[in-house]
Amino acid sequence: MSNIAYSPLVFGQSSGLSSFCSLRRSTFGPFRAVSSRKLLFNTQRGFLREPHSNTVTCAMKSYKLSDLTQREVESLKARPRIDFTSIFSVVQPIVDDVRVRGDDAVKEYTSRFDKVQLENIIVNVNELPDPELDEAVRESFDVAYSNIYAFHAAQKPVEKVVENMKGVRCKRVARSIASVGLYVPGGTAVLPSTALMLAVPAQIAGCKTVVLATPPSSDGSICKEVLYCAKKAGVTHILKAGGAQAIAAMAWGTQSCPKVEKIYGPGNQYVTAAKMILQNSEAMVSIDMPAGPSEVLVIADKYASPVHIAADLLSQAEHGPDSQVVLVIAGDGVDIKAIDEEITKQCNSLPRGEFASKALSHSFTVFARDMLEAVTFSNLYAPEHLIINVEDAEKWESFIENAGSVFVGQWTPESVGDYASGTNHVLPTYGYARMYSGVSLDSFLKYITIQSLTEEGLAKLGPHVATMAEVEGLDAHKRAVTLRLQDIKARQAV
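Sequence order as written defines the numbering, with residues in each chain counted from 1. Reporting of local features is limited, given that this is a predicted model, to residues whose pLDDT is at least 70; pairs of side-chain atoms are given and counted only at 80 or more, and all residues count toward the totals for whole chains, interfaces and linings. The side-chain quantities take in all heavy atoms of the structure and omit both hydrogens and water.

This part covers the side chain of Asp288. Mapped onto the fold, Asp288 is located in the loop between β12 (286-287) and β13 (295-300). Counting of polar contacts relies on pairs of N or O atoms within 3.5 Å, with two restrictions inside protein: one atom must be capable of donating a hydrogen and the other of accepting it, and residues adjacent in sequence are counted only when both atoms are side-chain atoms. At 2.9 Å, the side chain of Asp288 forms a polar contact with the side chain of Lys275. Contact between two residues is taken to exist if any of their heavy atoms lie within 4.5 Å; hydrogens are not considered. Those residues in contact with Asp288 that lie beyond four places of it in its chain are Lys262, Ile263, Tyr264, Gly265, Lys275, Val426, Tyr436 and Val439. A run of H or I in DSSP becomes a helix once it reaches four residues, and a run of E becomes a strand once it reaches two; helices and strands are each numbered from the N terminus.

Glancing now at the sheet that holds strand β7 (residues 168-176). Read across the open sheet, the three strands follow the order β6-β7-β18; overall the sheet is antiparallel. Looking at strand neighbours, the two that pair on one side only are β6 (161-165) and β18 (445-453), the edges of this open sheet. The average angle at which neighbouring strand axes cross in this sheet is 25°, direction not considered. Judged from the nine bridges that link them, β7 and β18 form a sheet pairing that is antiparallel. Its bridge partner being in β18, Ser176 is matched across the sheet by Leu445. Only the stretch in contact is used when a helix axis is fitted, and all axes are lines through C-alpha atoms; the angle between N-to-C directions ranges over 0 to 180 degrees. Running over the sheet, helix α14 (residues 455-471) touches β6, β7 and β18 and is turned about 95° from β18. At least two DSSP bridges between two strands are required for those strands to pair.

The six strands are arranged β5-β10-β9-β8-β11-β12 in an open sheet whose pairing can be described as mixed. A single partner strand is all that each edge strand has here, and the edge strands are β5 (122-124) and β12. The pairing of β5 with strand β10 (residues 237-239) spans three bridges and is classified as antiparallel. Residue pairing in the sheet places Asn124 in a bridge with His237 of β10. Against the sheet, helix α5 (residues 192-205) touches β8 (179-183), β9 (209-213) and β11 (262-264), its axis set at about 165° to β8.

Remark: exposure states derive from per-residue accessible area (1.4 Å probe, protein chains only) relative to the maximum for the residue type, with buried under 20%, exposed over 50%, and partly exposed in between. A large share of strand β15 (residues 364-368) lies buried, amounting to five of its five residues. Here β15 shows no split at all, with Phe364, Val366 and Ala368 on one side and Thr365 and Phe367 on the other all buried. Note that strand β14 (residues 324-330) and β15 share five bridges and pair parallel. For Leu327, the partnering residue across the bridge sits in β15 and is Thr365.

Helix span, expected: 1.5 Å multiplied by one less than the number of residues in the helix. In this model helix α15 (residues 475-493) runs 26 Å from its N-terminal to its C-terminal C-alpha over 19 residues, within 8% of the 27 Å that 1.5 Å per residue would give. Summarising the contacts, the buried residues of α15 are in contact with α14.

The subject of this paragraph is the packing of aromatic side chains. A pair of Phe, Tyr and Trp rings is counted when the ring centres sit within 6.5 Å of each other, with Trp represented by its six-membered ring. The angle between the planes then sorts it: under 30 degrees is stacked, over 60 is edge-to-face, the rest tilted. By the definition in use, this model includes 10 aromatic pairs. Where Phe364 meets Phe377, the ring centres are 6.3 Å apart and the plane angle is 75°; that geometry is what we call edge-to-face. Of the two residues, Phe364 sits in strand β15 while Phe377 sits in helix α12 (residues 371-381), which places them 13 residues apart along the sequence. The pair formed by Phe364 and Phe377 is uniform in burial state, with each residue classed as buried. Taken together, the ring pairs connect Tyr63, Phe364, Phe377 and Tyr381 into an aromatic cluster. Over the ring of Tyr381 we find Arg79; its NZ or CZ atom is 3.6 Å from the centre of that ring. We count a charge as sitting over a ring when the NZ of a lysine or the CZ of an arginine lies within 6 Å of the ring centre and within 35 degrees of the ring normal. The ring of Tyr145 carries the charged tip of Lys232 above its face, separated from the ring centre by 4.9 Å.

With that settled, consider the nonpolar core. The biggest cluster of nonpolar side chains holds 40 residues, and the ones touching the most others in it are Val180, Leu182, Leu196, Val235, Ile238 and Phe444. When residues of this core are traced back to their parent elements, those giving at least two are α4 (135-153), β8, α5, β9 and α6 (224-232). Setting aside residues no more than four positions away along its own chain, Ile238 makes contact with Ile121, Ile122, Val123, Val125, Leu212, Thr214, Ile222, Leu227 and Ala230. Only buried Ala, Val, Leu, Ile, Met, Phe, Trp, Tyr and Cys residues count toward a nonpolar core, and they belong to the same one when joined by side-chain atoms within 4.5 Å. Ala241, Trp252, Val271 and Ala274 belong to the second largest nonpolar core, which has 37 residues in total.

Before going further, it helps to examine the pattern of salt bridges. Side-chain pairs of opposite charge can arise where the charged atoms are in close proximity. We define a salt bridge as a contact between a side-chain nitrogen of Lys or Arg and a carboxyl oxygen of Asp or Glu at a distance within 4 Å. Applying the stated rule across the entire model yields 15 salt bridges. Note that Asp97 and Arg101 form a salt bridge whose closest N and O atoms lie 2.9 Å from each other. Placement of the pair is Asp97 and Arg101 together in helix α2 (residues 84-101), with a separation of four residues, close to one helical turn. Residue Asp97 is classed as buried on the basis of its relative accessible area of 18%. The closest approach of N and O atoms between Glu354 and Lys358, which form a salt bridge, is 3.5 Å.

Further remarks concern the side chain of Ser378. Counting through the fold element by element, Ser378 comes out in helix α12. Relative accessible area serves as the criterion here: at 0%, Ser378 is assigned to the buried category.

Worth remembering: the numbers are spatial, not functional.
Here it is, written out as structure tokens:
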């Protein structure tokens, strides 16, 4: 990276202390670059121990858009590179092994990767007892279920018949995908909210077989909150496995795991690689979307609370070290020092502060002249989550073209969409919001077109179809029409 304008957003960890974060301006003038990126950032690990200190720091670069060339601005939309070539080489043998050995392969990989010995990989949900939850936890998940259900039920398509010309009637009907697989990650954080986000629209769509895959606990049990959500939302089977082996089991089907037609849900690089491999395989399975690490872009102006800005940045950074957050400052007057203090304070108190600091080491801040420039950059970046925390935020809604989900105004943290506002949190990442949508009711439906012609309709439309078929040299197509037209003329002659 050339020494174009940026100021370092620095995160550090003192020896024996939890991680802390701080935002600094460059001492070389407003938004001017430090003389070398290596002064603050070790490109291999993202960390560097400062001289004469036991503090570990990592840098989040900052840029002033007006100082960059168009090519440099374009380069900012690139995400941290994922080396899928090496990942595919690890995942492909797992996918192939599960295809051949089924349950035994899934058990073996679960033992190897999760250190859990399983007798059975599949359980029928209706055979499991209702889990016991704390009343406050149960109520929270019930509220989330109700809101998610209401929002997705409102997406039910309305069947409409169109008579394009007299006697020519067309319509489009929706049918549920019969068998679906839902991936609910475990790993560093259990995500029962994802169980709701995937199972509720499947329930509304009427999918007959719903397999939910999630890594088992160390004793082989299922997270009780995930089980509660699964039972409430109509899941039929739970696959006690995670990673590539779980995706492969659902895609191919095993001795005990039903084969599914489409797989949904977020996951790590190995899960994503497995989905990518299998959608182009003989498994005949579809996926919801390409996915990558979680990300958020926050647009903030001088009216935004530094407390809220810091909290929103860290809420996504804590997902994992490969997450990315982007802060876009719109206009002048933003209290950078106050944001600095809040990031330090909040990151220092996070149990997952180390994850957050690593994520922020490859994230960045952008300074825009005004909201128009800020929104233009956001559309270029196409974030998974977009927070618009500015004065009169609602008026900018119509300017947003590329984003997975948008959070408008100072009282709308991204967390509400992650859990309980009703929108879906399974969203396109890595810039795919430019051409993909998040999970919705439509994700669990397929559409069939139906047409019906009367004798009068074919008499009017048929000659045009016959002419077009002749132009394309498809005589059988033409005859399928002209033979019927001859019959119509014969009937009319009688």
